[in-house]
Amino acid sequence: MQKFLKGKGVGRASGSKQRPDGDDISIYSGLPKSTTRNPKWPEDHNAILGELLLEQHVNGNFCNGNMRKEQWTSLVVVLNRRLRTNYTDSSVMIRFKNMKADFKTLYQLTNRSGWGWDEELHIPVATDELWDEIQQVNPKVARFRRHPFHQYEIFEKICAENIAVGSDARCTKMPEPVVNLNSEEDAPSFFQAERINALGFLQMHS
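Residues numbered from 1 in each chain as written. Predicted model: local features only at pLDDT ≥ 70, side-chain atom pairs only at ≥ 80, totals over all residues. Heavy atoms only, no water.

**What to know about the packing of helix α5 (residues 89-110) against helix α7 (residues 152-159)**
One can describe the packing of α5 onto α7 by two numbers: an axis separation of 10 Å at closest approach and a directional angle of 90°. Classified by the angle between their axes, α5 and α7 sit roughly perpendicular to one another. Across from F96, M99, K100, F103, L106, Y107 and T110 in α5, the residues of α7 making contact are Y152, F155, E156, I158 and C159. In terms of residue class, the contact of α5 with α7 is built from nine nonpolar, one polar and two charged. (Axes fitted to C-alpha atoms, helices over the stretch in contact; angles between N-to-C directions. Helix = DSSP H or I, 4+ residues; strand = E, 2+ residues; numbered from the N terminus. Parallel < 35°, antiparallel > 145°, perpendicular 65-115°, else oblique. Contact = heavy atoms within 4.5 Å. Nonpolar A, V, L, I, M, F, W, Y, C, P; charged D, E, K, R; others polar.)

As structure tokens, then:
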């Protein structure tokens, strides 16, 4: 509990190495100050944005959990065409940062000992005692108790390996294979596997 209150964790993320010291995590300190909140997006807009982000990830346009800058304009064009909206590049980028911040909080939370993730309800699950404990440290986390984050699995694919989590986190996933993107031999098979996984995911959520 002492380590819990200090907001320190040991780095452990899907496909990443463990580190002796982790970052101060957002479930204790709240959302990053640099992330400005936009008016709430409709959930169907979030869903389409998530699908487009996953496609960009599959196509190799993400690096360290962030999409390459030159890809944002084309993504926004497709997003607006599908939704019949007029979002600007900057507004969509801010929305991505907000979603990423929410995912980071949820990922660090659900990877603590005693916590889990409900794949049907898209919310973190834990005992009432654990919820009371975390809410005493940061009351803002309470909103995640009943507010679903439907794009959790997508963000887990595109940026989970860059997020540090607690020392007592559960580890149920095999590390992702390390791929040298400069190698023509590795890239085709890696991206082919990712495309298969992505297609299956999109079909399940279509």
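Back to the write-up after that little detour.
**Observations regarding the packing of helix α3 (residues 43-58) against α7**
Packed helices, taken two at a time, are described by their axes: the angle between them and the distance between them. Closest axis-to-axis distance for the α3/α7 pair is 10 Å, and the angle between their directions is 25°. What the angle tells us is that α3 and α7 run roughly parallel. Handedness of the α3/α7 crossing: left-handed. Packed against α3, whose contacting residues are G50, E51, L53, L54 and H57, the element α7 presents I154, F155, K157 and I158 at the interface. (Left-handed = near helix turned anticlockwise from the far one by under 90°.)

**Thoughts on α3**
Taking 1.5 Å as the rise per residue, α3 with 16 residues should run 22 Å; its terminal C-alpha atoms sit 23 Å apart, in good agreement. Of all 16 residues in α3, twelve are buried, a share of seventy percent or more. All buried positions along α3 are accounted for by H45, N46, I48, L49, G50, E51, L52, L53, L54, Q56, H57 and V58. Immediately downstream of α3, the backbone of G60 shows phi near 80°, a positive value. (Expected span 1.5 Å × (residues − 1). Buried < 20%, exposed > 50% of the residue type's maximum accessible area, 1.4 Å probe, protein only.)

**Comments concerning unusual backbone geometry**
With a phi angle near 55°, N64 is a residue other than glycine that sits in the positive phi range. Within the fold, N64 resides in the loop between β1 (62-63) and β2 (66-67). Judged by relative accessible area, N64 falls into the exposed class, the value being 56%. Backbone geometry places H122, a non-glycine residue, at a positive phi of 60°. Counting through the fold element by element, H122 comes out in the loop between β3 (116-118) and β4 (123-125).

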